[in-house]
Amino acid sequence: SLSLSLSPVTTFASLLLRFAPSAVRQPPRGLKCRLLVQRFRATMADDGARENKRANTNPAIGTHDGSFHCDEALACYLLKCLPRFKNSPVIRTRDPAILDTCEIVVDVGGVFDAAAHRYDHHQRSFSETMKSLEPTKPWDIKLSSAGLVYKHFGRQVIAEVSGIADEATVETIFDRVYESLIQEVDAIDNGVNQTDGEPKYRIKTNLSSRVGRLNPAWNDQTTEPDAQFAKAMAMVGEEFELILTGLTKAWLPARQLVVEAINNRTKVHASGKIIEFDQSCPWKSHLYDFESEHPGVEIVYVLYPDSHSKYRVQCVSVSEGSFENRKSLPEPWQGVRDQQLSDLSGIPGCIFVHASGFIGGNATREGALQMAITALEWEGKSSS
């Protein structure tokens with residue numbers, strides 16, 4: 001849990017500064033007043049440092065106070081996944097004297113020095129990316145504090161949380177977690193746009209936006225920021241663990257199924273353009289990985305049973321994450337259902353074809369396969 005060690009003197013000083021904003025935000029006119037405020041600030045710094053050394057035998061994690069963001073919340077959460085920092089207090093301050101007592105500092109301080117456990121990215125001289133720090137990696141988005149901590153501790157976190165010991169498997173998961181979560185946090189925190197042009201719509205429900213909404217409103221004088229930061233850490237932690245669990249428990253085991261399906265593709269159809277699964281599974285990223293490793297292999301349609309013992313035929317998109325299909329189901333079928341679709345296509349048992357042409361359904365495996373074969377032989381390329 002989040003903790004911030006404060007002595008009675010520090011608490012009194014905090015209350016004084018909090019409830020006397022004119023003494024903090026505006027230069028006091030009287031010399032005695034200025035000296036009083038300076039004395040309280042010095043007391044807070046000295047006392048915080050002493051409390052950190054005396055009361056917290058666990059190494060402290062330091063980050064900035066004030067408005068918080070997704071990157072430092074995620075950085076702190078990742079660190080606390082490790083045995084070394086599991087019970088560490090998170091000290092939120094911008095006071096250098098207090099930060100100097102912390103074993104590790106993220107998103108504040110103006111220094112990136114992995115050897116000293118200092119992970120800030122705001123300084124003018126900083127331009128590191130995952131690729132610049134690990135040349136074998138392809139990602140060139142500027143790192144935030146989350147990306148920096150993930151680069152240096154992510155593999156340990158994955159092994160610790162998942163229990164996976166195999167280094168190659170950890171590395172595979174490391175890459176997918178970065179692509180699935182960390183890179184997005186890095187990009188948003190550093191103001192990197194998703195597209196070069198003006199987006200047609202904006203996403204305000206991403207993890208960074210949800211964390212941002214946990215900050216106290218500008219006119220809210222009652223909500224405790226540190227308590228809200230603890231909620232932010234819990235939120236990003238839940239997201240991280242959901243992604244990691246999905247990758248280790250569902251995505252990774254599907255890899256072998258995809259490899260087997262691709263290797264058996266000519267048994268489904270002589271073209272080698274159609275693959276089939278005995279059950280639904282997360283196949284997309286594995287398929288693209290296989291194709292990149294085996295030039296000349298290109299899958300167009302995928303067959304699999306649905307949850308109602310019917311069958312689906314799904315188009316493969318041109319690339320992972322794209323909404324453009326390599327070859328959509330025929331345009332005349334799109335948005336048509338049931339008997340009307342069977343009459344139109346000449347294939348019994350048709351259930352539907354989506355209006356965009358990316359997926360269709362049939363009552364039988366044979367019917368779904370015939371839909372894929374007919375679509376494959378359809379003249380021209382019908383992209384959605």
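Here's what I pulled together on the structure shown here. All residue numbers refer to positions counted from 1 along the written sequence of the respective chain. Since the coordinates come from a predicted model, pLDDT governs what is reported: local features require at least 70, and pairs of side-chain atoms require 80 or more to be given and counted, while whole-chain, interface and lining totals use all residues. Side-chain measures were taken over the full set of non-hydrogen atoms in the model, leaving aside hydrogen atoms and water.

**Brief notes about the overall build of the protein chain**
Broken down by element type, the protein chain carries 14 helices and 10 strands. By the burial criterion, 44% of the 384 residues in the protein chain qualify as buried. In this analysis, two residues are considered to be in contact whenever any of their non-hydrogen atoms come within 4.5 Å of each other. Looking at the protein chain alone, contacts between residues at least 24 apart form 63% of all its contacts between residues at least 6 apart. The Shrake-Rupley method, run with a 1.4 Å probe, gives the accessible areas here. Residue values count only the displayed protein chains as cover. Carbon and sulfur atoms form 51% of the exposed surface of the protein chain, whose accessible area is close to 20,300 Å². Per the convention used, a helix needs a DSSP run of H or I reaching at least four residues, while a strand needs a run of E reaching at least two, with both numbered from the N terminus. Only protein chains enter the area calculation, which uses a 1.4 Å probe; residues under 20% of their type maximum are buried, those over 50% are exposed, and those in between are partly exposed.

**Structural notes on unusual backbone geometry**
Note on backbone geometry: most residues besides glycine have negative phi, and most peptide bonds are trans. Residues other than glycine seldom take positive phi values, yet His117 does so here, at roughly 60°. Its location among the elements puts His117 in the loop between β4 (112–113) and β5 (118–119). Phi is positive for Asp338, close to 50°, though the residue is something other than glycine. For Asp338, the position within the fold is in helix α13 (residues 338–345). When its relative accessible area of 40% is taken as the criterion, Asp338 is described as partly exposed.

**Let's talk about the environment of Lys204**
Among the structural elements, Lys204 can be located in the loop between α8 (167–189) and α9 (207–212). In this structure, Lys204 is in contact with Ser209 and Arg213, ignoring residues within four places of it in sequence.

**What about the sheet that holds strand β9 (residues 350–353)?**
Strands pair, by our definition, only if DSSP identifies at least two bridges between them. On the basis of which strands lie adjacent, the open sheet formed by 5 strands has the order β6-β7-β8-β10-β9 and mixed pairing. Both edges of this open sheet fall to β6 (274–276) and β9, since each of them pairs with a single strand only. In this sheet, adjacent strand axes meet at a mean angle of 20° when their direction is disregarded. Pairing analysis gives 3 bridges linking β6 to strand β7 (residues 301–305), with the strands arranged parallel. What sits directly across from Ile274, in β7, is Tyr301. Fitted lines through C-alpha atoms serve as axes, helices being fitted only where they are in contact, and the angles separating the N-to-C directions of these axes extend from 0 to 180 degrees.

**Digging into the pairing of β9**
As judged from the 3 bridges shared by β9 and strand β10 (residues 359–362), these two strands associate in the antiparallel manner. The residue bridging Cys350 from the neighbouring strand is Asn362, located in β10.

**Looking at the nonpolar core**
Side chains of nonpolar character tend, in soluble globular proteins, to be buried together. For the purposes of this section, nonpolar cores are sets of buried Ala, Val, Leu, Ile, Met, Phe, Trp, Tyr and Cys residues that join through side-chain atoms within 4.5 Å. With 50 residues, the main nonpolar core has Leu74, Tyr150 and Phe240 as its most contacted residues. Within the residue set of this core, elements represented by two or more residues are α4 (70–80), β3 (104–106), α7 (145–162), α8, α9 and α10 (225–263). At 9 residues, α8 tops the list of elements feeding residues into this core. Beyond its immediate sequence surroundings of up to four residues, Phe240 is in contact with Tyr77, Leu78, Tyr150, Val157, Val177 and Leu181.

**Describing the sheet that holds strand β2 (residues 90–92)**
If you trace the 5 strands from one edge of the open sheet to the other, you get β2-β1-β3-β5-β4, paired in mixed fashion. The sheet is open, and its two edges are formed by β2 and β4, each paired on a single side. In this structure, β3 lies alongside β5, joined through 2 bridges in parallel fashion. Each bridged residue has a counterpart across the sheet, and for Val105 the counterpart in β5 is Arg118. Its contacts with the sheet place α4 against β1 (61–63), β2 and β3, and it is angled at close to 180° to β1.

**Here we look at α7**
Axes are fitted to the seven residues ending at a residue and to the seven starting at it; the angle between these axes is taken as the bend at that residue. Of all the bends in α7, the largest measures some 70° and sits at Phe153. Among the residues of α7, Ser145, Ala146, Gly147, Leu148, Val149, Tyr150, Lys151, Phe153, Gly154, Val157 and Ile158 are the ones counted as buried. At the N-terminal end of α7, a side-chain oxygen is found 3.2 Å from the backbone nitrogen of Ala146, two or three residues along, and the residue is Ser144. Downstream of α7 by a residue or two, Gly163 has a phi angle that is positive, lying close to 80°. Distance and chemistry together define a polar contact, namely a pair of N or O atoms within 3.5 Å, with one atom able to donate a hydrogen and the other to accept it when in protein, and with adjacent residues in sequence counting only for side-chain atoms on both sides.

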